[in-house]
Amino acid sequence: VHMNMKTLAYVAHSGGVPGSALHADGSLSLRQREPLPDDSTRREYLEDLLRDSEPDGMLQASTELGVSSILEDYFFRNETTVLSENYASWEAGSAEHSGFVADVLVRVPPNQALVYKPSTIEILKFGWIQFLASFVVFFWLLSYWEWYVFHYRVLDTRMRTDMKSKLKSF
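The text that follows walks through the structure, step by step, so that each part is easy to find. Computed from a predicted model, the values in this text were never measured in an experiment.

### As for the side chain of Asp 25
With respect to the helices and strands, the residue Asp 25 is situated in strand E2 (residues 19-32). Excluding residues that lie within four positions of it along the chain, Asp 25 makes contacts with Ser 84, Glu 85, Asn 86, Tyr 87, Leu 105 and Arg 107.

As structure tokens, this is what we get:
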């Protein structure tokens, strides 16, 4: 399953003094609530989190741009991401003249596990391979057991023929 999505990373820090900069480093990991359907590529979440509400490109109303409403809409998704901060550094100072600087380094692991519902053909293929592997082992064990029983005559046996002997007359 390949997945393309626009996602969100939330960084929060509180300090006792006014700050001029925040430096943070963290890794972004994928979370999902339900298994994904077996599709080749998933592109369900490609819309912007700050959607335009007006046709001329104006942003949403200020009540819809609050952090709590954006996060609430975001967490209704099946697939979300979580930023696990490795460290955060707060620089004290005034941000009046130069502005506040937020420096965030986000590390995205290249291969993350996705849980998905396999298709019927994939389940049948897996089941066939399991059956064949089990059959080979059981066939070998049963053939060895059969050879052992008949070779060492573990069971009492009698030979009986249903054919009558034919007398040949000349």
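Having seen the structure, we can now continue with the description.
### So, the sheet that holds strand E4 (residues 79-92)
Overall, mixed pairing links the three strands, which are arranged E4-E2-E5 in an open sheet. Edge strands, defined here as strands with exactly one partner in the open sheet, are E4 and strand E5 (101-107). Between one strand axis and the next, the sheet turns through 25 degrees on average, direction left out of account. In this sheet, E5 lies alongside E2 in parallel orientation, the contact comprising seven bridges. Looking at E5, one finds that Leu 22 is bridged to Ala 102.

### With respect to helix H1 (residues 67-74)
Burial in H1 covers these residues: Ser 69, Ile 70, Leu 71 and Tyr 74. For H1, the secondary structure elements touched by its buried residues are E4.

### Regarding the pattern of salt bridges
The tally for this structure, following the rule as stated, stands at four salt bridges. Residue Arg 42 pairs with Glu 44 through a salt bridge whose shortest N-O separation is 2.8 Å. For Arg 42, a relative accessible area of 12% gives the class buried. Given a relative accessible area of 45%, Glu 44 falls into the partly exposed group. The partner of Glu 79 in a salt bridge is Arg 42, with the nearest N and O atoms 3.2 Å apart. Of the two residues, Glu 79 is situated in strand E4 and Arg 42 in strand E3 (residues 41-45); the sequence distance between them amounts to 37 residues. Because the salt bridges share partners, they merge into one network encompassing Arg 42, Glu 44 and Glu 79.

What counts as what
- Residues numbered from 1 in each chain as written.
- Predicted model: local features only at pLDDT ≥ 70, side-chain atom pairs only at ≥ 80, totals over all residues.
- Heavy atoms only, no water.
- Helix = DSSP H or I, 4+ residues; strand = E, 2+ residues; numbered from the N terminus.
- Contact = heavy atoms within 4.5 Å.
- Pairing = 2+ DSSP bridges.
- Axes fitted to C-alpha atoms, helices over the stretch in contact; angles between N-to-C directions.
- Buried < 20%, exposed > 50% of the residue type's maximum accessible area, 1.4 Å probe, protein only.
- Salt bridge = Lys/Arg side-chain N within 4 Å of Asp/Glu carboxyl O.

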